[in-house]
Amino acid sequence: MAVTESAPGAAPATRDAAGARTMHEAAGARTQENATAHTAYETASGRTAHENATARAAQEGILRRQSARESAARTYARALPIVPVRARGLTIEGADGCRYLDCLSGAGTLALGHNHPVVLEAIRKVLDSGAPLHVLDLATPVKDAFTTELFRTLPPGLADRARVQFCGPAGTDAVEAALKLVRTATGRNGILAFTGAYHGMTEGALAASGGAPDVRVTRLPYPQDYRCPFGVGGGQGAELAARWTQSLLDDTKSGVTTPAGMILEPVQGEGGVIPARDDWMRRIREITAARSIPLIADEVQTGVGRTGTFWAVEHSGITPDVMVLSKAIGGSLPLAVVVYRDDLDVWEPGAHAGTFRGNQLAMAAGAATLAYVRENGLAERAAALGDRMIGQLRSLEADFGCVGEVRGRGLMIGVEFVDPEKPSTSPGGPPPAAPELAAAVQRACLRRGLIVELGGRHAGVVRLLPPLTITDEQATAVLDRLADAVAEVAKAAKASTGRGATGTRRSQTDRTEQTVRAEHAG
């Protein structure tokens, strides 16, 4: 099942002749192909059986040593026991010769996939020039080029009066800087954040995330359709969430004083791939602006074309006061910045710093990536291809009771798994999440040469974050393998329990408003 790379705008690969067939039926027709796919990958490099056995033994040794030496906090390595040695575009090859389609993409870092030629050329150019690689916050031609390209992509209302702060190399460092910035600028201390949020692993970022162990940040409801906190979903649920926020700020007895800022994700990624409605985003911008509360948009994962616009806030047309950027802006290398309105720039020299804020290789790779995405219309392609992929995946909702909802925006896609035999925890609500099924689907995908991520409440959501350069042919292969994995897991669950993991859909009054699919309406 060779997968070739072609131009991003290539015509869609020809689908099954029986076009009326459902997605998992079409995938079922490929069962034999999928069953032998992993073996095909193992022998793809032309090695003999003995060479393959030697390679597998070497990989297993590396994995054993990793387990013995590295922290118990390691995460991806537990679910993905592979040792990458080569990669290009969407494809990774392990030390054992197996090849995989990578829909994790460094948790969204690899906008152009692995080792894209323009990124490698930019890095080599800096290395060959003799330029310094570490300069703290000194000005360099490389930094100037990156900043110029970054400002060219920003929402117009922000680009016209922006300042940029280079932070430590991770997104969580930029979140910390943003929180410090608005506290310094406003003289206030409190922060508003949302349920389900994920902003990083350092202390301040964790405090603003949904899983904070203790509450130092005021938590607000993040609207969603499938598990709406108000039980209604759609535009009504979003408006109730906005009114809750407004009431909390205006009620003198709410216990919440005017905060230093509000931080939100335009699409909650780790929270389960939950896109915010555009009308809700505009309401939140109105509420914060009317009360002089700086709005921080965390675009660490949603930025650089991922959701179908260059920055996810552009879907709603709002202009945040602060944007937190990382992951794809470094072109696969560590880089994080905060971009903010110039009147917030009240810091004293040295008020926020970091030793590695002058990473020249990352700035070169980042500038090349930003320019390539912009010049080649990859955000627009992500919107179109993402719509097609989400539309095709939604057939799984009808075919399998264990598939609760398919959702996403652009090439940020999630499939939530549920246990349809267990009662809902809320009247008329959806079944509870089924993290064990999601994990089983992830394993089944890996056996088929497909790397996917888990997220969401209870880790019940299978996530797809392919590079923006994924071809139509590759997208078809990803969907086929995922559908086949879901069919296998659903069948096994039904056989082991005698229950209907593949049976009829739950009846939530058919989630009438939600099936209209107007979740992004303005």
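Further up the page is the structure itself.
Described below are features of the structure shown in this document. Sequence order as written defines the numbering, with residues in each chain counted from 1. Totals for whole chains, interfaces and linings use every residue, but because this is a predicted model, local features are given only for residues with pLDDT of at least 70 and side-chain atom pairs only at 80 or more, for both listing and counting. Side-chain numbers here rest on the full set of heavy atoms in the structure, without hydrogens or water.

The next point concerns the sheet that holds strand β3 (residues 99-102). Read from one edge of the open sheet, four strands run β1-β2-β3-β15, paired in mixed fashion. If you trace the sheet from one side to the other, it starts and ends with β1 (84-88) and β15 (450-451), each paired once. In short, DSSP must find at least two bridges between two strands for them to pair. Each helix is a run of H or I in the DSSP string that is no shorter than four residues. Each strand is a run of E no shorter than two, and both are numbered from the N terminus. Across two bridges, β3 lies against β15 in parallel orientation. Its bridge partner being in β15, Asp-102 is matched across the sheet by Ile-451.

How far a helix is expected to stretch is found by multiplying one less than its residue total by 1.5 Å. End to end, helix α7 (residues 141-153) covers 19 Å across 13 residues, agreeing with the expected 18 Å (1.5 Å per residue, within 8%). In what follows, residue pairs with any heavy atoms lying within 4.5 Å of each other are defined as contacts. Tucked into the core, α7 has its buried residues touching α6 (117-129), β4 (162-166), β11 (322-325), β12 (337-341) and α13 (360-375).

So, about the nonpolar core. Ranked by size, the top nonpolar core spans 100 residues in total, and within it Phe-146, Trp-280, Trp-311 and Phe-417 carry the most contacts. Top element by residues in this core is helix α17 (residues 472-497). It accounts for eleven residues. Here Phe-146 is in contact with Phe-166, Ile-329, Leu-335, Val-337, Met-363, Gly-366, Ala-367 and Leu-370, once residues within four sequence places are set aside. Among buried residues, those of type Ala, Val, Leu, Ile, Met, Phe, Trp, Tyr and Cys that are joined through side-chain atoms within 4.5 Å constitute a nonpolar core. Only protein chains enter the accessibility calculation, which uses a 1.4 Å probe; a residue whose area is less than 20% of its type maximum is buried, one above 50% is exposed, and one in between is partly exposed. Core analysis: the next-biggest nonpolar cluster, separate from the first, contains 22 residues, Val-175, Ala-178, Ala-193 and Ile-263 among them.

Attention now moves to the environment of Arg-291. Assignment of secondary structure puts Arg-291 in the loop between α12 (278-290) and β10 (295-298). A relative accessible area of 23% places Arg-291 in the partly exposed class. It is 9.4 Å that separates the C-alpha atoms of Arg-291 and Asp-250, two residues lying 41 residues apart in sequence. In contact with Arg-291, other than residues within four places in its own chain, are Gln-246, Leu-249, Asp-250 and Thr-258. A polar side-chain atom of Arg-291 sits 2.7 Å from a polar atom in the side chain of Asp-250. For this analysis, a polar contact is any N or O atom pair within 3.5 Å, provided that within protein one partner can donate a hydrogen and the other can accept it, and provided that sequence-adjacent residues contribute only side-chain to side-chain pairs. At 3.0 Å, the side chain of Arg-291 forms a polar contact with the backbone oxygen of Ile-287.

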